[in-house]
Amino acid sequence: MSEKSSDKNKPQKPFSRRNFIQAAAMTAATLALPGCSRNEKPVLTTLTGDFDPLRSYPYRGWEDFYRKIWTWDKVVRSTHSANCTGSCSWKVYVRNGVMVREEQAADYPRISADLPDYNPRGCQKGGCFTEYVYSPQRLRYPLIRTGERGEGKWRRATWDEALTTVAEKLLDNIYNYGPDTNSFFSVIPAMSPVSFCAGSRLAHYIGGVFLSFYDWYCDLPPGEPLTWGVQTEACECADWFNSKYIVLWGSNISQTRIPDAHFAYEARYNGAKIVCISPDYNASATHADLYFRINPGTDGILALGVAKLLIDQNLIDVPYVKEQTDLPLLVISDTNRFLRESDLTKGGKEDIFYFWDTKQQRAVPTPGSMGSEQKTIHFNGTDPALTGTFHVQLADGKTAEVTTVFELLKKKIAGYTMDKVSARTGLPAHEIELFAKELGTRKPAMIIHGAGTNHWFHNDLSNRSFILLVALTGNTGKNGGGFNHYVGQERLWPEQGFFKLAFPETRKKQRFQNTTLWSYVHSTNKDPHLYNGKPIEWYIQESVKNGWMPLWPKDGKKPRAFIVWRANYLNQAKGNEILESSLWKDLDLIVDINYRMDTTALYSDVVLPSASYYEKVDINSTDCHSYIHPFGKACEPLFESKTDWDIFRALAEKIAEVATKKGLKPFHDEAFDWTRDFTQLGHDWTGKGAIQSDEQAVNFILGNAEETKGMTYQLIQQKPKRFVATDPESWNSDIEDGVAYTPFKHQLEKKRPWRTLTGRQQFYIDHPWYIELGEALPTFKEPVEEKYPLYWNTPHGRWSIHSTWRDHRAMLRLQRGGPIVYMHPDDARKRGLQDNDWVRIHNEVGHCVCRLQILPGEKPGRVTMYHGWEKFLGFKEGGWQSLTYIKIKPTQLIGKYGHVNFRLNYWGPTGNNRDIKVDVEKAKV
């Protein structure tokens, strides 16, 4: 018998787990030896022979553990409330009462076979939220502060004690200082309107001040209310596919529109060209046919230079411009004011305007303006002149010279020559000319707009300049065209149902407040710049005195109580260290309602634990798509947490209980002639008992809105539903079967007036402040002057939604585990800095200390830190907002001008911060 045969007949020893690990280690070592390269294909006899992975061996428990990951007891549809704009439907898998994982729901109904569908929607952040639910950051029970704010010293409290503390303080403020000393802050309702309404109803019934959010975060594009009379109107993202020319202007869709970026890139396969305009070479620039590495803050001069080229080269859509814009309207040369009926006739109206009819050779009233009886913009056989100078006889018998807005525009932009534009933007003149030619000839064309340009001080001017481009080329109001702004989940489709739930006694009986103004006035924030020789305080005083902007509390009182939910006010606030040292100290009570310990919670007095996204009932909508879908309660709220609806209902009941015990008489609120009986607050808050649960609240919204008629919470749990209609009071287009939603079809196709003073896209604002400050027409103004060399750029990133997920373990592993500032190699070299150095970023406002990453794609002269980092999360000192302060633009304080009036989140000063400049040096750590 041979030796080989003898070995074969020996009993085989079982291959143990220990043997397997040893063999694997030996294999790895063997691969490192000479002669064991891949090309030589060595024979690895170590793993041959008696190893059989199916044979029994000691440790196989991991197999069952792995299999159990893919088993579940139930699946619940839910989503996230993070203001990301994605509005993605997810399936949450539950086993033994524990959420084990989530996956994207891929059942959005398709709009049309001609369009790519929305399936699946989601991102890496949504795919790991279950870990957040069970994370150490999770708030488990009510907390009351025992140390200094921000010190992190707390004691556990019962719900009864915490609610009693809050209720007593709110009532004390009302009766001793006035209801306007209680302030409430929460963000974008579209991401979870029932949670939003829970708090807004309380503010409404106790007379509190409700603060804005869309303008404060600088997500509001102020050029839209100025030009179009709307808060924000954008096409749903499926409509990107219909475009033939897509301009990504200040929008990095690959990072910030992860669920929707494919529509733009698929449009490219469909024949579209993509232009990316951004100072840094980013993830979206890699997909562009034309990339403009523009100098920061110069987007406005590029847009106006392109507008000049479009006009000079006859690339404008003349019939569109005449009908849809105010460019044919007449302006009196001496006063720079529109020619009005009141100028021509004694007792005439201030809101009827004129154009020069080339057929009749006289000034004719413009149809469709606010004062016109004609509710159409159709010219009915007349032909407006776009150019020329004319003369009219005024009511006093004098003759006045008038010209068109278009003539004034041509004079305004005449100085934006290619040499000047190229030099200021840092872009080649021939590429700018190519851009203008393609924008004027490839149709439909759209601008996808984002925070990269909107967060600058002169955001209104750049907005108006961009909108001018798509108006001159006739692209607004058409599928695949227009100016489409996506920053913040601003669009709540079932709007009327929401308003009825949020402010039941009508919005006219609610104290609303622009947060930018409130935060500036009630802090030691100081803008050192002068505007036309005047400090911003002068403009603020005039605006408030004229009734253009509200300022609460009245009579020089200070805010005393501040309730925050669904938001991280302090961490995201411009100049948060200034606010912390002034406004924050003046507040007697700060309450934060949250599912995790964030910066605002850390600096609060009372923290109330709320349910996470997967533990409540609510709904979700966005401007990025035309569907509604729900939050589902995968599990009951963990620990002692409650849903926002239940928390505010309990607080309303506690206020009623305290008011009853103290024998408080009804409080007469003179501002609204409203007698408030707080002993009945719990009953009033629930709609006199009609709306007890959050599911009932969802059904109330759905049942009171045209967009969701016939829908119920249980129905949309089955799968997302497309909206069935649009309320003409709220929308500018219809929902059409088989067609992606895009705005302003009512104006283009049905000839309905635009929601502006002139009834048209209004590029000329003849308010005295606009004329005085040289902004009646779109113009370019340099960024606010700062003395430091590097722009401080804090954009939205791919690893968090604002501060949410910033502290998530999985997301931190995709970066360097803490705050990072990105710098171009040339700027680092000048300062003797190397990658991963600790650096000190500083200016006259403050400083922070963090790690440096050298990034060739960054623009020289600028440093970037993706925003949202909590102050306690990895900074040696300071935070990302420690270098900022609040700057208010005077023109954003006007009001009582036709369509330009303060309305919450529609019009008011924005909390801009991109003009901030800093320097960077190696830190001493």
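Placed above this text is the structure.
What counts, and where the lines are drawn
- Residues numbered from 1 in each chain as written.
- Predicted model: local features only at pLDDT ≥ 70, side-chain atom pairs only at ≥ 80, totals over all residues.
- Heavy atoms only, no water.
- Helix = DSSP H or I, 4+ residues; strand = E, 2+ residues; numbered from the N terminus.
- Rg over C-alpha atoms; globule rule 2.2 N^0.38 Å.
- Buried < 20%, exposed > 50% of the residue type's maximum accessible area, 1.4 Å probe, protein only.
- Contact = heavy atoms within 4.5 Å.
- Areas by Shrake-Rupley, 256 points an atom, 1.4 Å probe, with all protein chains shown as cover.
- Pairing = 2+ DSSP bridges.
- Axes fitted to C-alpha atoms, helices over the stretch in contact; angles between N-to-C directions.
- Patch = residues over 30% accessible without salt bridge, like charges linked within 9 Å, V, L, I, M, F, W, Y side chains within 5 Å.
- Salt bridge = Lys/Arg side-chain N within 4 Å of Asp/Glu carboxyl O.
- Core = buried A, V, L, I, M, F, W, Y, C linked by side-chain atoms within 4.5 Å.
- Polar contact = N/O pair within 3.5 Å; in protein donor to acceptor, adjacent residues only side chain to side chain.
- Expected span 1.5 Å × (residues − 1).
- Phe/Tyr/Trp six-rings, centres within 6.5 Å; stacked < 30°, edge-to-face > 60°.
- Lys NZ or Arg CZ within 6 Å of the ring centre and 35° of its normal.

### Thoughts on the overall build of the chain
- Helix and strand counts for the chain stand at 32 helices and 35 strands.
- Relative to the compact-globule value of 29 Å for 925 residues, the chain shows a C-alpha radius of gyration of 30 Å, a close match.
- When burial is assessed residue by residue, the chain has 62% of its 925 residues classed as buried.
- Sequence-distant contacts in the chain: of pairs separated by 6 or more residues, those separated by 24 or more amount to 75%.
- Total accessible area on the chain is roughly 34600 Å²; 50% of this is exposed by carbon and sulfur atoms.

### Considerations on the sheet that holds strand 4 (residues 143-145)
- Strand order in the open sheet formed by eight strands is 5-4-24-23-22-6-7-19, with mixed pairing between adjacent strands. Either end of the sheet is taken by a strand with one partner, and the two such strands are strand 5 (154-156) and strand 19 (511-513). Averaged over all adjacent pairs, the angle separating strand axes in this sheet is 20°, with direction ignored.
- Inspection of the sheet shows strand 6 (residues 182-185) paired to strand 22 (residues 561-565) by four bridges, in the parallel sense.

### Some thoughts on a nonpolar patch on the surface
- Side chains of W62, F65, Y66, I69, W70, W72 and V75 sit close together on the surface and give an oily, nonpolar patch of about 770 Å² of accessible area.
- In terms of residues, the nonpolar patch owes the most to one element, helix 3 (residues 61-69), which gives four residues.
- As for its placement among the helices and strands, F65 is situated in helix 3.
- Looking at F65, the relative accessible area reads 60%, which means it is exposed.

### Remarks on the nonpolar core
- Among the nonpolar cores identified, the biggest contains 187 residues, and F185, L202, W249, L302, F435 and Y569 are the most heavily contacted of them.
- The greatest single-element share of this core, amounting to ten residues, is contributed by helix 25 (residues 644-662).
- Other than its neighbours up to four places away in sequence, L202 contacts F184, F648, L651, A652, I655, L681 and W685.
- Counting residues in hydrophobic clusters, the runner-up holds 29 residues, among them Y118, W240, I246 and A267.

### Topic: the sheet that holds strand 25 (residues 615-620)
- Here we have three strands laid out as an open sheet, ordered 25-26-29, and antiparallel in their pairing. Either end of the sheet is taken by a strand with one partner, and the two such strands are strand 25 and strand 29 (721-722).
- When strand 26 (residues 627-633) meets strand 29, the two strands line up antiparallel, connected through two bridges. Residue I628 lies in a different strand from strand 29, and its bridge partner there is K721.

### Focus: the side chain of R676
- Within the secondary structure, R676 sits in strand 28 (residues 674-676).
- For R676, a relative accessible area of 3% puts it in the buried group.
- Looking at R676, its side chain comes within polar contact range of the main-chain oxygen of Y205, at 3.1 Å.
- Of the polar contacts made by the side chain of R676, one reaches the side chain of D669; its length is 2.9 Å.
- If we skip the residues at most four places from it in the chain, R676 touches H204, Y205, I206, G207, R511, P666, F667 and D669.

### Here we look at the pattern of salt bridges
- Applying the stated criterion to the full structure yields 56 salt bridges.
- The partner of D646 in a salt bridge is R649, with the nearest N and O atoms 3.4 Å apart. Of this pair, D646 and R649 are both found in helix 25, three residues apart, which corresponds to roughly one turn of the helix.
- Given the relative accessible area of 23%, R649 is considered partly exposed.
- D919 serves as the salt-bridge partner of R831, at 3.0 Å between the closest nitrogen and oxygen. Remark: D919 occurs in strand 35 (residues 917-922) and R831 occurs in the loop between helix 32 (825-830) and strand 32 (838-842); sequence separation between them is 88 residues.
- One salt-bridge network, held together by shared partners, links D160, K654, E657 and K661.

### Details of helix 5 (residues 159-176)
- Here helix 5 is 18 residues long and its end C-alpha atoms lie 26 Å apart, about the 26 Å a rise of 1.5 Å per residue gives.
- Regarding helix 5, the residues found buried are W159, A162, L163, T164, V166, A167, K169, L170, L171, N173 and I174.
- Of the residues flanking the end of helix 5, it is G178, one or two places downstream, whose phi is positive at about 110°.

### Here we look at the packing of aromatic side chains
- What the rule picks out here adds up to 60 aromatic pairs.
- Consider the rings of F210 and W565, whose centres lie 6.1 Å apart with planes at 80°: the pair is edge-to-face. One end of the pair, F210, is in strand 7 (residues 209-211); the other, W565, is in strand 22, and 355 residues separate them in sequence. No difference in accessibility class separates F210 from W565, as the two residues are buried.
- The interplanar angle of 40° and the centroid separation of 5.4 Å between the aromatic rings of W518 and F562 together place this pair among those described as tilted. Pair noted here: W518 is in helix 19 (residues 515-521) and F562 is in strand 22, with a separation of 44 residues, a long-range link.
- By relative accessible area, W518 is classed as buried at 0%.
- On the accessibility criterion, F562 (0% relative accessible area) is buried.
- One residue, R806, lies across the ring of W869, its end atom 4.1 Å from the ring centre.

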